[in-house]
Amino acid sequence: MSGSLWLKPPGPGSGPGPGSGPGPGSGSDTLPAIPRPRRDGADVTAADAATDPMNELAERLDVFIASAVHPDEIAAILESDGMTDEYIRLTYGRHDSFGLAEELYARVPRSFPEPGAAPDPWKVSLTACLLRGLIFALPGLAYLLGAPLLEGPQDRLGLPAGTLTLLAGALIGWVWDQTLSHRAYSWLGLGDRRAAGRTLLVGAPVGALLGTAAALAVPGGPPFSYAFAAGQAFYVGAATVLLVLGRERVLLAALAPMAGGALLALFVDLPVPVRVALLVVSLLAACTLALRELPLADGLRSAVHRIRASAARRPGQGPVRWQMLRGAEEDFAPRGPRIGDSVPYGVFGLGTGLLVLYAALGEVLAGGPAEAVAAPSAVALTLSMGPAEWLLHRFRSGSLSGLQGARSPGAFRRRMLATLTRCLAVYLTVLLALGLAGTLLWPGAPMLTEVRIATLLLLGAVMWTGLLLQSFGAVRPAAVVCSSAAVAQSLALLTGLGQPRAVQLVVAGAAAAVLATLVCLLLGRATAHR
(Lines give C-alpha, C1' and ligand atoms only; values in the text may rest on other atoms or scores of the structure.)
Protein backbone atom coordinates (compact mmCIF):
# COMPACT_ATOMS: atom_id res chain seq x y z
CA MET A 1 0.00 0.00 0.00
CA SER A 2 1.24 3.50 -0.74
CA GLY A 3 -0.01 5.15 2.44
CA SER A 4 -2.64 5.40 5.11
CA LEU A 5 -6.31 5.33 4.25
CA TRP A 6 -7.22 7.36 7.33
CA LEU A 7 -8.86 10.59 6.32
CA LYS A 8 -8.63 12.35 9.70
CA PRO A 9 -6.00 15.10 9.74
CA PRO A 10 -3.00 14.40 11.98
CA GLY A 11 -2.88 16.18 15.28
CA PRO A 12 -3.03 15.72 18.98
CA GLY A 13 -5.05 12.68 19.88
CA SER A 14 -4.93 11.18 16.41
CA GLY A 15 -2.26 8.61 17.37
CA PRO A 16 -2.05 6.09 20.15
CA GLY A 17 -2.63 7.61 23.58
CA PRO A 18 -0.34 7.56 26.57
CA GLY A 19 0.16 4.20 28.08
CA SER A 20 -0.69 2.37 24.90
CA GLY A 21 2.83 2.45 23.55
CA PRO A 22 4.17 4.23 20.51
CA GLY A 23 2.55 3.54 17.18
CA PRO A 24 4.35 2.04 14.27
CA GLY A 25 6.82 4.31 12.63
CA SER A 26 7.00 6.65 15.63
CA GLY A 27 10.79 6.38 15.85
CA SER A 28 10.88 5.22 19.50
CA ASP A 29 13.01 2.27 20.57
CA THR A 30 10.85 1.52 23.60
CA LEU A 31 8.44 -1.36 23.13
CA PRO A 32 4.87 -0.76 24.23
CA ALA A 33 3.62 -2.29 27.43
CA ILE A 34 1.97 -5.67 26.93
CA PRO A 35 -1.63 -5.59 28.11
CA ARG A 36 -2.17 -8.07 30.94
CA PRO A 37 -5.32 -10.18 30.95
CA ARG A 38 -7.59 -9.25 33.85
CA ARG A 39 -8.70 -11.73 36.45
CA ASP A 40 -12.28 -12.87 36.33
CA GLY A 41 -14.44 -10.63 38.46
CA ALA A 42 -11.87 -7.82 38.74
CA ASP A 43 -13.32 -4.33 38.78
CA VAL A 44 -12.63 -2.11 35.79
CA THR A 45 -12.03 1.46 36.79
CA ALA A 46 -12.83 4.51 34.71
CA ALA A 47 -9.13 5.17 34.21
CA ASP A 48 -8.61 1.67 32.84
CA ALA A 49 -11.47 2.13 30.39
CA ALA A 50 -10.15 5.51 29.29
CA THR A 51 -6.68 4.14 28.56
CA ASP A 52 -7.84 0.94 26.88
CA PRO A 53 -6.08 0.97 23.44
CA MET A 54 -9.06 -0.82 21.86
CA ASN A 55 -11.38 2.02 22.90
CA GLU A 56 -8.97 4.62 21.56
CA LEU A 57 -8.60 2.79 18.25
CA ALA A 58 -12.37 2.35 17.90
CA GLU A 59 -12.91 6.04 18.61
CA ARG A 60 -10.25 7.08 16.10
CA LEU A 61 -11.65 4.87 13.33
CA ASP A 62 -15.32 5.18 14.24
CA VAL A 63 -16.44 6.56 10.86
CA PHE A 64 -14.66 3.83 8.87
CA ILE A 65 -15.72 1.01 11.20
CA ALA A 66 -19.38 2.13 11.31
CA SER A 67 -19.65 2.31 7.51
CA ALA A 68 -17.85 -0.99 6.83
CA VAL A 69 -19.97 -3.83 5.48
CA HIS A 70 -17.39 -6.54 6.34
CA PRO A 71 -14.51 -6.86 8.83
CA ASP A 72 -12.05 -7.26 5.97
CA GLU A 73 -12.56 -3.56 5.11
CA ILE A 74 -11.33 -2.64 8.61
CA ALA A 75 -8.40 -5.06 8.31
CA ALA A 76 -7.38 -3.39 5.04
CA ILE A 77 -7.39 0.02 6.77
CA LEU A 78 -5.27 -1.28 9.63
CA GLU A 79 -2.72 -2.88 7.32
CA SER A 80 -2.56 0.18 5.08
CA ASP A 81 -1.52 2.22 8.10
CA GLY A 82 1.44 -0.06 8.74
CA MET A 83 0.08 -2.16 11.62
CA THR A 84 1.89 -5.49 11.51
CA ASP A 85 0.66 -8.62 13.25
CA GLU A 86 3.51 -8.30 15.77
CA TYR A 87 2.56 -4.75 16.63
CA ILE A 88 -1.10 -5.78 17.00
CA ARG A 89 -0.18 -8.65 19.35
CA LEU A 90 2.01 -6.36 21.51
CA THR A 91 -0.36 -3.37 21.59
CA TYR A 92 -3.83 -4.84 21.46
CA GLY A 93 -3.32 -8.45 22.51
CA ARG A 94 -4.94 -9.86 19.35
CA HIS A 95 -3.48 -12.51 17.06
CA ASP A 96 -3.50 -10.52 13.80
CA SER A 97 -5.22 -7.72 11.92
CA PHE A 98 -8.21 -9.88 11.01
CA GLY A 99 -8.92 -10.78 14.62
CA LEU A 100 -8.62 -7.13 15.63
CA ALA A 101 -10.87 -6.09 12.76
CA GLU A 102 -13.56 -8.58 13.74
CA GLU A 103 -13.64 -7.28 17.29
CA LEU A 104 -13.80 -3.67 16.14
CA TYR A 105 -16.59 -4.57 13.71
CA ALA A 106 -18.58 -6.17 16.51
CA ARG A 107 -17.92 -3.34 18.96
CA VAL A 108 -19.03 -0.37 16.80
CA PRO A 109 -22.66 -0.30 15.55
CA ARG A 110 -23.34 0.11 11.83
CA SER A 111 -24.03 3.65 10.64
CA PHE A 112 -24.03 4.31 6.91
CA PRO A 113 -23.73 7.99 5.95
CA GLU A 114 -26.36 9.36 3.62
CA PRO A 115 -25.04 10.19 0.14
CA GLY A 116 -24.59 13.83 -0.63
CA ALA A 117 -26.95 15.72 -2.89
CA ALA A 118 -26.15 14.85 -6.50
CA PRO A 119 -27.14 16.96 -9.52
CA ASP A 120 -30.37 15.84 -11.16
CA PRO A 121 -29.72 15.08 -14.86
CA TRP A 122 -33.48 14.76 -15.53
CA LYS A 123 -34.47 18.21 -14.33
CA VAL A 124 -36.27 20.11 -17.09
CA SER A 125 -38.23 23.31 -17.25
CA LEU A 126 -41.98 22.95 -16.87
CA THR A 127 -42.44 26.02 -19.05
CA ALA A 128 -40.57 24.40 -21.94
CA CYS A 129 -42.70 21.25 -21.71
CA LEU A 130 -45.94 23.27 -21.59
CA LEU A 131 -44.74 25.22 -24.62
CA ARG A 132 -44.29 21.98 -26.56
CA GLY A 133 -47.79 20.84 -25.57
CA LEU A 134 -49.19 24.17 -26.77
CA ILE A 135 -47.32 23.82 -30.07
CA PHE A 136 -48.81 20.34 -30.52
CA ALA A 137 -52.35 21.74 -30.13
CA LEU A 138 -52.12 25.10 -31.91
CA PRO A 139 -52.24 23.68 -35.47
CA GLY A 140 -55.79 22.53 -34.68
CA LEU A 141 -56.85 26.18 -34.95
CA ALA A 142 -56.10 25.98 -38.66
CA TYR A 143 -59.21 23.82 -39.09
CA LEU A 144 -61.26 26.53 -37.44
CA LEU A 145 -59.80 29.15 -39.77
CA GLY A 146 -60.34 27.03 -42.89
CA ALA A 147 -63.78 25.66 -41.96
CA PRO A 148 -65.74 27.87 -44.45
CA LEU A 149 -63.58 26.49 -47.25
CA LEU A 150 -64.38 22.90 -46.30
CA GLU A 151 -68.15 23.23 -46.42
CA GLY A 152 -70.08 20.60 -48.33
CA PRO A 153 -72.33 17.57 -47.91
CA GLN A 154 -71.38 14.96 -45.35
CA ASP A 155 -69.42 11.98 -46.62
CA ARG A 156 -70.64 8.39 -46.67
CA LEU A 157 -69.72 7.88 -43.01
CA GLY A 158 -71.66 10.91 -41.83
CA LEU A 159 -68.53 12.96 -41.16
CA PRO A 160 -68.14 16.62 -42.20
CA ALA A 161 -66.94 17.19 -45.74
CA GLY A 162 -63.22 16.56 -46.25
CA THR A 163 -62.69 14.80 -42.90
CA LEU A 164 -61.49 11.52 -44.40
CA THR A 165 -59.13 13.37 -46.75
CA LEU A 166 -57.52 15.26 -43.90
CA LEU A 167 -57.37 12.20 -41.62
CA ALA A 168 -55.65 10.05 -44.24
CA GLY A 169 -52.91 12.62 -44.81
CA ALA A 170 -52.51 13.31 -41.09
CA LEU A 171 -52.14 9.65 -40.09
CA ILE A 172 -49.58 8.85 -42.78
CA GLY A 173 -47.60 11.98 -41.99
CA TRP A 174 -47.76 11.27 -38.25
CA VAL A 175 -46.38 7.75 -38.65
CA TRP A 176 -43.60 8.84 -40.99
CA ASP A 177 -42.52 11.79 -38.89
CA GLN A 178 -42.49 9.74 -35.68
CA THR A 179 -40.05 7.37 -37.37
CA LEU A 180 -38.04 10.25 -38.82
CA SER A 181 -37.85 12.02 -35.46
CA HIS A 182 -36.40 8.98 -33.74
CA ARG A 183 -33.75 8.53 -36.40
CA ALA A 184 -32.75 12.20 -36.21
CA TYR A 185 -32.68 12.09 -32.40
CA SER A 186 -30.47 9.00 -32.61
CA TRP A 187 -27.94 10.93 -34.68
CA LEU A 188 -28.10 13.79 -32.18
CA GLY A 189 -27.47 11.31 -29.39
CA LEU A 190 -24.32 10.19 -31.20
CA GLY A 191 -23.16 13.82 -31.31
CA ASP A 192 -23.51 14.16 -35.09
CA ARG A 193 -25.79 17.15 -35.64
CA ARG A 194 -24.88 17.37 -39.33
CA ALA A 195 -26.03 13.79 -39.92
CA ALA A 196 -29.27 14.57 -38.09
CA GLY A 197 -29.73 17.59 -40.34
CA ARG A 198 -29.14 15.50 -43.47
CA THR A 199 -31.65 12.94 -42.24
CA LEU A 200 -34.28 15.63 -41.76
CA LEU A 201 -33.38 17.25 -45.07
CA VAL A 202 -34.22 14.04 -46.93
CA GLY A 203 -36.96 12.63 -44.70
CA ALA A 204 -39.16 15.68 -44.12
CA PRO A 205 -39.96 16.33 -47.83
CA VAL A 206 -40.54 12.62 -48.42
CA GLY A 207 -43.00 12.53 -45.51
CA ALA A 208 -44.81 15.60 -46.85
CA LEU A 209 -45.17 13.97 -50.27
CA LEU A 210 -46.44 10.72 -48.73
CA GLY A 211 -49.04 12.60 -46.66
CA THR A 212 -50.19 14.52 -49.73
CA ALA A 213 -50.43 11.32 -51.78
CA ALA A 214 -52.50 9.63 -49.07
CA ALA A 215 -54.92 12.57 -49.01
CA LEU A 216 -55.24 12.60 -52.81
CA ALA A 217 -56.04 8.89 -52.77
CA VAL A 218 -59.31 9.54 -50.86
CA PRO A 219 -62.07 10.37 -53.38
CA GLY A 220 -65.07 12.60 -52.89
CA GLY A 221 -63.63 15.44 -50.83
CA PRO A 222 -64.16 19.15 -51.46
CA PRO A 223 -61.56 20.66 -53.81
CA PHE A 224 -60.04 22.83 -51.08
CA SER A 225 -59.64 19.81 -48.76
CA TYR A 226 -56.84 18.43 -50.95
CA ALA A 227 -54.94 21.72 -50.91
CA PHE A 228 -55.49 21.95 -47.17
CA ALA A 229 -54.22 18.38 -46.69
CA ALA A 230 -51.11 19.16 -48.76
CA GLY A 231 -50.38 22.21 -46.61
CA GLN A 232 -50.98 20.12 -43.52
CA ALA A 233 -48.45 17.52 -44.69
CA PHE A 234 -45.76 20.10 -45.43
CA TYR A 235 -46.38 21.81 -42.09
CA VAL A 236 -45.94 18.53 -40.22
CA GLY A 237 -42.60 18.02 -41.96
CA ALA A 238 -41.41 21.55 -41.13
CA ALA A 239 -42.60 21.25 -37.53
CA THR A 240 -40.73 17.96 -37.16
CA VAL A 241 -37.50 19.63 -38.23
CA LEU A 242 -37.89 22.55 -35.84
CA LEU A 243 -38.98 20.43 -32.86
CA VAL A 244 -36.17 17.90 -33.27
CA LEU A 245 -33.58 20.68 -33.50
CA GLY A 246 -34.97 22.41 -30.41
CA ARG A 247 -36.52 25.45 -32.15
CA GLU A 248 -39.89 25.47 -30.35
CA ARG A 249 -40.02 29.24 -29.95
CA VAL A 250 -39.29 29.74 -33.64
CA LEU A 251 -42.15 27.41 -34.54
CA LEU A 252 -44.45 29.24 -32.14
CA ALA A 253 -43.64 32.51 -33.91
CA ALA A 254 -44.49 30.91 -37.27
CA LEU A 255 -47.87 29.77 -35.94
CA ALA A 256 -48.73 33.18 -34.52
CA PRO A 257 -50.49 34.63 -37.65
CA MET A 258 -52.70 31.57 -38.06
CA ALA A 259 -53.50 31.29 -34.34
CA GLY A 260 -54.30 35.00 -34.06
CA GLY A 261 -56.56 34.84 -37.10
CA ALA A 262 -58.40 31.80 -35.76
CA LEU A 263 -59.08 33.50 -32.44
CA LEU A 264 -60.23 36.63 -34.27
CA ALA A 265 -62.56 34.51 -36.43
CA LEU A 266 -64.47 33.52 -33.29
CA PHE A 267 -65.73 37.10 -33.00
CA VAL A 268 -65.47 38.50 -36.56
CA ASP A 269 -66.49 36.90 -39.84
CA LEU A 270 -63.20 37.13 -41.72
CA PRO A 271 -63.29 37.17 -45.54
CA VAL A 272 -62.13 34.02 -47.29
CA PRO A 273 -59.04 35.68 -48.89
CA VAL A 274 -57.88 36.80 -45.43
CA ARG A 275 -58.32 33.29 -44.03
CA VAL A 276 -56.34 31.77 -46.89
CA ALA A 277 -53.62 34.42 -46.57
CA LEU A 278 -53.17 33.74 -42.83
CA LEU A 279 -52.91 29.99 -43.44
CA VAL A 280 -50.39 30.46 -46.25
CA VAL A 281 -48.28 32.93 -44.26
CA SER A 282 -47.91 30.54 -41.30
CA LEU A 283 -47.16 27.60 -43.60
CA LEU A 284 -44.51 29.50 -45.56
CA ALA A 285 -42.97 30.85 -42.35
CA ALA A 286 -42.69 27.34 -40.85
CA CYS A 287 -41.19 25.88 -44.03
CA THR A 288 -38.73 28.78 -44.46
CA LEU A 289 -37.55 28.60 -40.87
CA ALA A 290 -37.13 24.83 -41.15
CA LEU A 291 -35.07 25.18 -44.32
CA ARG A 292 -32.86 27.73 -42.56
CA GLU A 293 -32.00 25.12 -39.91
CA LEU A 294 -31.11 22.40 -42.41
CA PRO A 295 -27.65 21.91 -43.98
CA LEU A 296 -28.72 22.51 -47.56
CA ALA A 297 -25.22 23.02 -48.98
CA ASP A 298 -23.86 19.99 -47.16
CA GLY A 299 -26.78 17.87 -48.34
CA LEU A 300 -26.35 18.95 -51.97
CA ARG A 301 -22.61 18.21 -51.88
CA SER A 302 -23.27 14.79 -50.39
CA ALA A 303 -25.89 14.01 -53.04
CA VAL A 304 -23.58 15.10 -55.88
CA HIS A 305 -20.72 13.05 -54.46
CA ARG A 306 -22.88 9.92 -54.25
CA ILE A 307 -24.19 10.40 -57.80
CA ARG A 308 -20.67 10.81 -59.19
CA ALA A 309 -19.38 7.82 -57.26
CA SER A 310 -22.27 5.69 -58.51
CA ALA A 311 -21.72 6.81 -62.12
CA ALA A 312 -17.96 6.21 -61.95
CA ARG A 313 -18.33 2.69 -60.58
CA ARG A 314 -18.16 0.07 -63.29
CA PRO A 315 -19.93 -3.27 -63.16
CA GLY A 316 -17.86 -5.83 -61.28
CA GLN A 317 -15.73 -3.21 -59.56
CA GLY A 318 -18.02 -2.53 -56.62
CA PRO A 319 -17.26 -3.59 -53.05
CA VAL A 320 -17.48 -7.30 -52.33
CA ARG A 321 -20.44 -7.67 -49.98
CA TRP A 322 -19.10 -10.78 -48.25
CA GLN A 323 -15.62 -9.37 -47.64
CA MET A 324 -15.06 -9.00 -43.90
CA LEU A 325 -11.73 -7.16 -43.82
CA ARG A 326 -11.30 -3.61 -45.02
CA GLY A 327 -8.56 -2.74 -47.43
CA ALA A 328 -6.01 -0.05 -46.70
CA GLU A 329 -7.67 2.23 -49.25
CA GLU A 330 -11.09 2.05 -47.60
CA ASP A 331 -12.04 4.86 -45.27
CA PHE A 332 -13.55 3.73 -42.01
CA ALA A 333 -16.87 5.43 -41.37
CA PRO A 334 -18.82 4.80 -38.16
CA ARG A 335 -22.17 3.17 -38.71
CA GLY A 336 -25.19 5.21 -37.75
CA PRO A 337 -28.46 4.06 -36.19
CA ARG A 338 -30.28 1.28 -37.99
CA ILE A 339 -33.47 2.18 -39.81
CA GLY A 340 -35.20 -0.86 -38.34
CA ASP A 341 -34.76 0.55 -34.83
CA SER A 342 -36.90 3.56 -35.74
CA VAL A 343 -39.82 1.62 -37.22
CA PRO A 344 -41.40 0.66 -33.83
CA TYR A 345 -41.70 4.36 -33.00
CA GLY A 346 -43.77 4.85 -36.14
CA VAL A 347 -45.94 1.86 -35.25
CA PHE A 348 -46.42 3.27 -31.75
CA GLY A 349 -47.43 6.62 -33.26
CA LEU A 350 -49.92 4.91 -35.58
CA GLY A 351 -51.50 2.95 -32.73
CA THR A 352 -51.87 5.94 -30.41
CA GLY A 353 -53.06 8.13 -33.29
CA LEU A 354 -55.84 5.69 -34.15
CA LEU A 355 -56.88 5.39 -30.50
CA VAL A 356 -57.16 9.18 -30.22
CA LEU A 357 -59.06 9.26 -33.52
CA TYR A 358 -61.55 6.68 -32.28
CA ALA A 359 -61.95 8.57 -29.01
CA ALA A 360 -63.08 11.61 -31.01
CA LEU A 361 -64.96 10.00 -33.93
CA GLY A 362 -65.68 6.44 -32.84
CA GLU A 363 -69.42 6.89 -32.37
CA VAL A 364 -69.84 8.78 -35.65
CA LEU A 365 -67.84 6.16 -37.55
CA ALA A 366 -70.12 3.51 -36.06
CA GLY A 367 -73.19 5.25 -37.49
CA GLY A 368 -73.97 7.69 -34.70
CA PRO A 369 -75.05 11.30 -35.19
CA ALA A 370 -72.55 13.94 -36.20
CA GLU A 371 -73.17 15.70 -32.89
CA ALA A 372 -71.39 12.79 -31.14
CA VAL A 373 -67.96 14.03 -32.27
CA ALA A 374 -65.92 14.29 -29.05
CA ALA A 375 -63.39 16.80 -30.30
CA PRO A 376 -62.60 18.16 -26.79
CA SER A 377 -61.24 14.74 -25.79
CA ALA A 378 -58.77 14.75 -28.67
CA VAL A 379 -57.76 18.34 -27.89
CA ALA A 380 -57.29 17.48 -24.21
CA LEU A 381 -55.07 14.52 -25.05
CA THR A 382 -52.99 16.69 -27.37
CA LEU A 383 -52.58 19.53 -24.88
CA SER A 384 -51.72 17.07 -22.12
CA MET A 385 -48.58 15.94 -23.93
CA GLY A 386 -46.70 18.91 -22.46
CA PRO A 387 -47.39 17.98 -18.81
CA ALA A 388 -46.89 14.32 -19.75
CA GLU A 389 -43.36 15.03 -20.95
CA TRP A 390 -42.52 16.93 -17.76
CA LEU A 391 -43.91 14.11 -15.59
CA LEU A 392 -41.81 11.56 -17.48
CA HIS A 393 -38.73 13.51 -16.42
CA ARG A 394 -40.08 13.70 -12.86
CA PHE A 395 -40.39 9.92 -12.84
CA ARG A 396 -36.78 9.54 -13.96
CA SER A 397 -35.70 11.92 -11.20
CA GLY A 398 -37.72 9.99 -8.62
CA SER A 399 -36.28 6.66 -9.72
CA LEU A 400 -32.77 8.12 -9.50
CA SER A 401 -33.48 9.21 -5.91
CA GLY A 402 -34.76 5.71 -5.23
CA LEU A 403 -31.51 4.23 -6.48
CA GLN A 404 -29.54 6.48 -4.13
CA GLY A 405 -31.67 5.93 -1.05
CA ALA A 406 -32.90 2.32 -1.28
CA ARG A 407 -31.07 -0.35 0.69
CA SER A 408 -32.55 -3.39 -1.08
CA PRO A 409 -34.21 -4.32 -4.40
CA GLY A 410 -37.57 -4.50 -2.65
CA ALA A 411 -37.16 -1.01 -1.18
CA PHE A 412 -36.26 0.38 -4.61
CA ARG A 413 -39.29 -1.30 -6.18
CA ARG A 414 -41.58 0.25 -3.57
CA ARG A 415 -40.09 3.68 -4.17
CA MET A 416 -40.44 3.26 -7.92
CA LEU A 417 -44.12 2.26 -7.61
CA ALA A 418 -44.82 5.22 -5.33
CA THR A 419 -43.22 7.61 -7.83
CA LEU A 420 -45.10 5.96 -10.71
CA THR A 421 -48.44 6.25 -8.93
CA ARG A 422 -47.84 9.88 -8.04
CA CYS A 423 -46.81 10.92 -11.58
CA LEU A 424 -49.64 9.01 -13.26
CA ALA A 425 -52.21 10.46 -10.84
CA VAL A 426 -51.02 14.00 -11.56
CA TYR A 427 -51.17 13.41 -15.31
CA LEU A 428 -54.69 11.98 -15.20
CA THR A 429 -55.83 14.89 -13.04
CA VAL A 430 -54.47 17.37 -15.59
CA LEU A 431 -56.08 15.41 -18.43
CA LEU A 432 -59.46 15.37 -16.70
CA ALA A 433 -59.28 19.12 -16.08
CA LEU A 434 -58.46 19.76 -19.74
CA GLY A 435 -61.29 17.49 -20.87
CA LEU A 436 -63.84 19.21 -18.65
CA ALA A 437 -62.68 22.68 -19.68
CA GLY A 438 -62.77 21.77 -23.37
CA THR A 439 -66.26 20.31 -23.09
CA LEU A 440 -67.58 23.46 -21.41
CA LEU A 441 -65.93 25.80 -23.94
CA TRP A 442 -66.54 23.82 -27.15
CA PRO A 443 -69.88 24.77 -28.77
CA GLY A 444 -72.20 21.77 -29.12
CA ALA A 445 -69.77 19.28 -27.59
CA PRO A 446 -71.35 16.15 -26.03
CA MET A 447 -71.31 16.04 -22.26
CA LEU A 448 -68.65 14.02 -20.47
CA THR A 449 -70.60 11.14 -18.99
CA GLU A 450 -69.10 8.59 -16.59
CA VAL A 451 -68.28 6.26 -19.49
CA ARG A 452 -66.63 9.03 -21.51
CA ILE A 453 -64.58 10.16 -18.51
CA ALA A 454 -63.45 6.60 -17.78
CA THR A 455 -62.50 6.07 -21.43
CA LEU A 456 -60.60 9.35 -21.54
CA LEU A 457 -58.64 8.55 -18.38
CA LEU A 458 -57.86 4.98 -19.47
CA LEU A 459 -56.70 6.24 -22.86
CA GLY A 460 -54.52 8.80 -21.09
CA ALA A 461 -53.03 6.02 -18.96
CA VAL A 462 -52.30 4.04 -22.13
CA MET A 463 -50.50 6.95 -23.75
CA TRP A 464 -48.49 7.96 -20.66
CA THR A 465 -47.36 4.44 -19.75
CA GLY A 466 -46.55 3.78 -23.40
CA LEU A 467 -44.42 6.93 -23.53
CA LEU A 468 -42.78 5.87 -20.27
CA LEU A 469 -41.78 2.51 -21.72
CA GLN A 470 -40.63 4.24 -24.89
CA SER A 471 -38.40 6.59 -22.87
CA PHE A 472 -36.68 3.55 -21.32
CA GLY A 473 -36.07 1.96 -24.73
CA ALA A 474 -38.90 -0.60 -24.41
CA VAL A 475 -40.76 0.80 -27.40
CA ARG A 476 -41.50 -2.57 -29.01
CA PRO A 477 -43.81 -3.86 -26.25
CA ALA A 478 -45.55 -0.48 -26.13
CA ALA A 479 -45.97 -0.45 -29.92
CA VAL A 480 -47.38 -3.99 -29.92
CA VAL A 481 -49.94 -3.19 -27.21
CA CYS A 482 -51.09 0.12 -28.72
CA SER A 483 -51.26 -1.19 -32.28
CA SER A 484 -53.13 -4.31 -31.10
CA ALA A 485 -55.64 -2.11 -29.28
CA ALA A 486 -56.11 -0.01 -32.43
CA VAL A 487 -56.59 -3.14 -34.56
CA ALA A 488 -59.11 -4.56 -32.10
CA GLN A 489 -61.13 -1.36 -32.11
CA SER A 490 -60.95 -1.17 -35.91
CA LEU A 491 -62.24 -4.73 -36.25
CA ALA A 492 -65.07 -4.01 -33.83
CA LEU A 493 -65.96 -0.93 -35.85
CA LEU A 494 -65.90 -2.74 -39.20
CA THR A 495 -67.90 -5.73 -37.98
CA GLY A 496 -70.34 -3.69 -35.87
CA LEU A 497 -69.48 -5.72 -32.79
CA GLY A 498 -70.70 -4.11 -29.59
CA GLN A 499 -71.70 -0.59 -28.69
CA PRO A 500 -68.94 1.91 -29.63
CA ARG A 501 -68.59 3.44 -26.18
CA ALA A 502 -68.41 0.04 -24.49
CA VAL A 503 -65.84 -1.18 -27.03
CA GLN A 504 -63.65 1.87 -26.46
CA LEU A 505 -63.87 1.40 -22.69
CA VAL A 506 -62.97 -2.29 -22.80
CA VAL A 507 -60.12 -1.86 -25.30
CA ALA A 508 -58.61 1.11 -23.44
CA GLY A 509 -58.92 -0.70 -20.10
CA ALA A 510 -57.26 -3.85 -21.39
CA ALA A 511 -54.41 -1.91 -23.01
CA ALA A 512 -53.88 0.17 -19.86
CA ALA A 513 -53.75 -2.97 -17.69
CA VAL A 514 -51.21 -4.67 -19.97
CA LEU A 515 -48.99 -1.58 -20.16
CA ALA A 516 -49.15 -1.05 -16.39
CA THR A 517 -48.06 -4.67 -15.87
CA LEU A 518 -45.18 -4.21 -18.30
CA VAL A 519 -44.07 -1.05 -16.51
CA CYS A 520 -44.01 -2.85 -13.15
CA LEU A 521 -42.12 -5.84 -14.57
CA LEU A 522 -39.59 -3.98 -16.72
CA LEU A 523 -38.98 -0.89 -14.61
CA GLY A 524 -39.11 -2.54 -11.19
CA ARG A 525 -35.49 -3.62 -11.61
CA ALA A 526 -32.74 -1.24 -10.63
CA THR A 527 -30.72 -2.20 -13.72
CA ALA A 528 -33.40 -0.67 -15.97
CA HIS A 529 -32.65 2.80 -14.55
CA ARG A 530 -28.93 2.96 -15.31
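Residues numbered from 1 in each chain as written. Predicted model: local features only at pLDDT ≥ 70, side-chain atom pairs only at ≥ 80, totals over all residues. Heavy atoms only, no water.

Caption draft 1: Structural context of the environment of Asp341. Along the polypeptide, Asp341 turns up in the loop between α14 (296-312) and α15 (343-365). Sequence separation between Asp341 and Val475 is 134 residues; the distance between their C-alpha atoms is 9.6 Å. Setting aside residues no more than four positions away along its own chain, Asp341 makes contact with His182 and Arg476. (Helix = DSSP H or I, 4+ residues; strand = E, 2+ residues; numbered from the N terminus. Contact = heavy atoms within 4.5 Å.)

Caption draft 2: Local environment of the packing of aromatic side chains. The full count for this structure, using the stated rule, is 4 aromatic pairs. On the numbers, 5.4 Å between centres and 40 degrees between planes, the contact of Tyr143 with Phe228 is tilted. Within this pair, whereas Tyr143 is found in helix α8 (residues 141-145), its partner Phe228 is found in helix α11 (residues 223-244), the two being separated by 85 residues in sequence. An aromatic cluster is built from Tyr143, Phe224 and Phe228, whose rings are joined through pairwise contacts. One cation-aromatic arrangement involves Arg110 over Tyr105; the distance from NZ or CZ to the ring centre is 3.9 Å. (Phe/Tyr/Trp six-rings, centres within 6.5 Å; stacked < 30°, edge-to-face > 60°. Lys NZ or Arg CZ within 6 Å of the ring centre and 35° of its normal.)

Caption draft 3: Representation of the packing of helix α12 (residues 248-265) against helix α13 (residues 272-293). Here α12 crosses α13 at 170 degrees, and the two axes come no closer than 8 Å. It follows that α12 is roughly antiparallel to α13 by the angle criterion. Here Val250, Leu251, Ala254, Leu255, Pro257, Met258, Gly261 and Ala265 of α12 lie close against α13, whose contacting residues are Arg275, Leu278, Leu279, Val281, Ser282, Ala285, Ala286 and Leu289. Its residues assigned to classes, the contact of α12 with α13 comprises 13 nonpolar, 2 polar and 1 charged. (Axes fitted to C-alpha atoms, helices over the stretch in contact; angles between N-to-C directions. Parallel < 35°, antiparallel > 145°, perpendicular 65-115°, else oblique. Nonpolar A, V, L, I, M, F, W, Y, C, P; charged D, E, K, R; others polar.)

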